[in-house]
Structure formats: C-alpha cells, structure tokens
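What the coordinates show
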Amino acid sequence: YIIPDTFPLIDIFFKAYPNLKLIKEIRHPIDFIYSCIQNGFGWRHENDPIAFHLVLETNQVPIPWYAVNWKEEYLSLPDVDRVIKSIHYLQKLEIDVYNSMTEKQKQNIHIVRYEDLVERTNETIQMLCKFLDKKPLEGMPIVLARERVPKIIEVKERNEKAAFIKEKATKKYYQIFMDM
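Let us look at the structure shown here. Source: prediction; values computed, not measured. (Residues numbered from 1 in each chain as written. Predicted model: local features only at pLDDT ≥ 70, side-chain atom pairs only at ≥ 80, totals over all residues. Heavy atoms only, no water.)

Once that is clear, we can look at the overall build of the chain. Looking only at helices and strands, one finds 11 helices and 4 strands in the chain. Along the longest, intermediate and shortest principal axes, the C-alpha atoms of the chain span 50 × 45 × 30 Å. Scored against the burial criterion, the 180 residues of the chain give a buried share of 38%. For the chain, the proportion of contacts with a sequence separation of at least 24, taken over those separated by at least 6, is 65%. (Helix = DSSP H or I, 4+ residues; strand = E, 2+ residues; numbered from the N terminus. Buried < 20%, exposed > 50% of the residue type's maximum accessible area, 1.4 Å probe, protein only. Contact = heavy atoms within 4.5 Å.)

Quick look at the structure:
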C-alpha cells in the first residue's frame, strides 16, 4: 500500500493490524517537492479519476484531506506553492504522529532514506529484509537493473531542481521550502 500522504493516518492501520510493519521512505525535500510538482501533485486530484489521494469535496473543487483546515489558502495557491505547503504540512503531521506512537509501534516502522535506497541499494535491501524477516525475491536483480540502481544522485541535478522550484514558487513559499 503506497500513498505518500497516509502516514499521518497510521493509527487507523495500527488499529486494524496491531502487528503492522511499515517501511516509511523519506526523500530530500528538493527531490520530493520537484517530483511532486512534475507528477501534478498540486492539481491532479481535481480532475484525474486515477489520482491516488484521498480528497474531500468543496464548493469549488476536491481538495486533499489534509488541507481541510486551510482550504481557503489551498484553493488560492498556484500549483507549486500548493505542493510546498502540502509537503511542509504533511511533514509536520508525520512528526507529530510519530512522536505520539508507542515504542512498540515505532519498532514496527523502518525509516528508509530514498538516497540510501538509490545509492546503497544492496545494503538497504538487506536491512529491509532483516526488518521484515524475509529474503529478497529471486527477480530482484531484474528489478534493480530495470531501475538502474545502485547509482549516484548527482548534486548538479539537485541544484537544477532547486533552481526550478525557486523560479516557480512565490517568495513566501520558497522560504518555507528553504526551511525544510
């Protein structure tokens, strides 16, 4: 089950599955926000029937569940600012939820940095296998070859993404981005 804005609702999953084990991926804010922008995270839920976000209906357009407390701001923002505000808001919710978890729940969550998965792929897969008490699937080498990992994440590419975000964001939301 992969939905990036679900972690703040994890208590529902723990109630349904008390022994749930969860792998939580985190990404560098530059890469994550850029990817969300490129994938239409700021607008897709409005008119894409296969968008994977839980939305609530408003008089204007559907909005993501997490924006209900700031819906007027959400609706007034251009796409890039929406993405920045959304990711910032979700990160705060995630931290609050994680800090409120029991120790047993925290032990059942394994946080993986995206950068480790890409650059230190085999080591990271071994850690995940240990966490899940599983072995890698036989087809794993095929998957890794298809995904072209491991590989080095180029600083130049990240700088280009940051420049793109700076160009598209308003000053207020660019500062929020920089704070992340």
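For the rest of this paragraph, the subject is the layout of surface pockets. Within this model, the second largest pocket holds a volume of roughly 250 Å³. Taken together, 14 residues form the lining of the second largest pocket, with Arg 27, Tyr 114, Lys 151, Glu 157 and Lys 161 sitting closest to its centre. Counting residues per element, the lining of the second largest pocket draws most heavily on helix H2 (residues 29–38), which supplies 4 residues. Looking at the lining of the second largest pocket, its residues break down into 5 nonpolar, 3 polar and 6 charged. (1 Å grid on protein atoms, 1.4 Å probe; cavity = no way out; pocket = protein on both sides within 12 Å on 5 of 7 lines; lining within 4 Å. Points joined across faces, edges and corners; volume = space filled by probe spheres on them. Nonpolar A, V, L, I, M, F, W, Y, C, P; charged D, E, K, R; others polar.)

One finds Ile 33, Phe 41, Tyr 66, Val 83, Ile 84 and Phe 177 to be the most contacted residues of the largest nonpolar core, which totals 24 residues. Those elements that provide at least two residues to this core are H2, helix H5 (79–100), helix H10 (155–168) and helix H11 (171–179). By residue number, the principal contributor to this core is H5, which donates 5 residues. Each residue touching Phe 177, except ones within four places of it in the same chain, is listed here: Pro 29, Ile 30, Ile 33, Ile 84 and Ile 165. Residues Phe 14, Leu 20, Leu 22 and Val 97 belong to the second largest nonpolar core, which totals 8 residues. (Core = buried A, V, L, I, M, F, W, Y, C linked by side-chain atoms within 4.5 Å.)

It is worth spelling out the pattern of salt bridges at this point. As enumerated under the stated definition, the model contains 13 salt bridges in all. The residue Glu 73 makes a salt bridge to Lys 85 at a minimum N-O spacing of 3.4 Å. One end of the pair, Glu 73, is in helix H4 (residues 71–76); the other, Lys 85, is in helix H5, with 12 residues separating them in the sequence. Salt-bridge contacts for Glu 167 lead to Lys 168; the nearest nitrogen and oxygen are separated by 3.9 Å. According to the relative accessible area criterion, Glu 167 is exposed, its value standing at 61%. Under the relative-accessibility criterion, Lys 168 is labelled partly exposed at 41%. (Salt bridge = Lys/Arg side-chain N within 4 Å of Asp/Glu carboxyl O.)

It is worth spelling out unusual backbone geometry at this point. Omega for the peptide link from Val 149 to Pro 150 comes to 5°, which places this bond in the cis form. Position of Pro 150 among the secondary structure elements: in the loop between helix H9 (140–147) and H10. Unusually for a residue other than glycine, Asp 133 sits at a positive phi of about 55°. Considering the arrangement of structural elements, one finds Asp 133 in the loop between helix H8 (121–132) and H9.

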